[in-house]
Amino acid sequence: MRKRLLCILLAALLCALTGCKKTPEPVEFSTFAMDTLMSVTVYGKGEKETQRVQDRLATKIRRLDSLLSVINEDSDVNRINQAGGAPVEVEDHTAQLLAAALELCEATNGALDITAYPAVKAWGFTGEKYRVPSPVELEELAGKIDYTAVELGLESHSVPAGPDGEPDWTDPVKRDTVTLPAGMELDLGAVAKGYTGDQLAELARGNGISSALLNLGQSTIVAVGSKPNGSPWRVGVRDPAGEGYFAVVELEDMAMGTSGGYQRFFEEDGITYWHILDPETAAPARSGLSSVTVVAPSALTCDGLSTALFVMGLERGAQFWRDHPELEFEAILVTEDGEIYCTAGLTDRFSLAEGYKDREVTVLE
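Let me sum up the structure you'll find in this document.

Calculation notes
- Starting from 1, residues in each chain are numbered consecutively following that chain's sequence as written.
- Restriction of local features to residues with pLDDT of at least 70 applies here, the model being predicted, together with a cutoff of 80 or more for giving and counting side-chain atom pairs; totals for whole chains, interfaces and linings are based on all residues.
- The side-chain numbers reported here are obtained from all heavy atoms of the structure, hydrogens and water having been left aside.
- Should a side-chain nitrogen of Lys or Arg be within 4 Å of a carboxyl oxygen of Asp or Glu, the pair is scored as a salt bridge.
- Strands here mean DSSP runs of E at least two residues long; helices mean DSSP runs of H or I at least four residues long; both are numbered from the N terminus.
- Note on exposure labels: buried denotes an accessible area under 20% of the residue type's maximum, exposed denotes more than 50%, and partly exposed covers the range between, all computed with a 1.4 Å probe on protein chains only.
- Two strands qualify as a pair provided that DSSP identifies no fewer than 2 bridges between them.

Considerations on the pattern of salt bridges
Okay, so step 1: Summed over all chains, the structure comprises nine salt bridges.
Okay, so step 2: The shortest N-O distance in the salt bridge between Arg 63 and Glu 91 comes to 2.4 Å. With Arg 63 in helix 2 (residues 47–68) and Glu 91 in the loop between strand 3 (88–90) and helix 4 (92–107), this pair connects stretches of sequence that are 28 residues apart.
Okay, so step 3: We classify Arg 63 as partly exposed; its relative accessible area is 28%.
Okay, so step 4: Of the residues examined, Glu 91 reaches a relative accessible area of 17% and is grouped as buried.
Okay, so step 5: For Arg 238, the salt bridge goes to Glu 243, with nearest N and O atoms at 3.7 Å.
Okay, so step 6: Looking at Arg 238, the relative accessible area reads 27%, which means it is partly exposed.
Okay, so step 7: On the basis of relative accessible area, Glu 243 is assigned to the exposed category, the value being 70%.

Considering the pairing of strand 17 (residues 340–343)
Regular strands have side chains that alternate between both faces of the sheet.
Okay, so step 1: Side-chain alternation along strand 17 places Ile 340 and Cys 342 on one buried face and Tyr 341 and Thr 343 on a second face that is also buried.
Okay, so step 2: Bridge count between strand 16 (residues 330–335) and strand 17: three bridges; the pairing is antiparallel. In the strand pairing of strand 17, Leu 333 is matched with Tyr 341.
Okay, so step 3: Counting the residues in the hairpin turn of strand 16 and strand 17 gives four residues, including Gly 338, whose phi is positive at 90°.
Okay, so step 4: Strand direction decides the pairing type here: strand 17 and strand 19 (residues 361–364), joined by four bridges, are parallel. Bridge assignment links Cys 342 to a residue of strand 19, and that residue is Val 363.

Pasting the structure below:
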């Protein structure tokens, strides 16, 4: 008994001398937003403090969903689509996201295009009433896809913040406007979750959180810091040909976004049609890839580029990575034949999962 007590005392003394700390308990919550289930895990210094941060994160998610979701009748995006070519005043978050998304559209030379919503609807991917449009209809739909037609009237203004940190629009200030030609429609689905992830991560850090994992519907992951024990977050990459994970990526203060044909699709007459459309054809992108995962500091960049690289295909996507170091991204590309390609900057954070150790990985330089 004395020996056991002595061991406990020595362990307590060693802990005090080395500064060891008890691992904080996580606060977790889930919510359905932007047509997907989102889950958030936050580690804080105390339960009450962490709970307050959780409430602020949940409020932010609801706020962004109300502005950016195309299926919300009162959202900024839907009001733009229904304006018949007239300018629409939008809130700051919408203007910021549109400006950033249009930059990615331009950088990818239109492989990412946020005006493809009429084609997405025509294929039935919005209401799961799937159909294959005729060649004539596809040609007409492709003519309505053109991100360069989006006009942003960005005003220079200073808007005071309200108690929740959001801009207080009750003051009579100039608002940003968006103009879209009649007959065209926006859909920010390829970038809205990424933007939301960036906003949530910024909010968490601003509230003293140094360890959190934001899972915005499986396809978009944001890691705030590392795990409480200092080790990186380990996130699985879905096998596009199965139900499991073929690889693991280690993340610290980074985001990860995946686009794949397996995420939403239908089959007709033995042909598989997926939701990732080629803006040039208004039809599912046939690039030879089955999935693309992008890792970058910005979740918005991850979401937008994973879609764009899927449309580009392996060769164009690899060259885009080489030509755009300013975007600070790395990528994992899987072909329809199951070949795995990984950009050089990701090799120290990428590993094959159990059951896939025998697969060959080609490193892109």
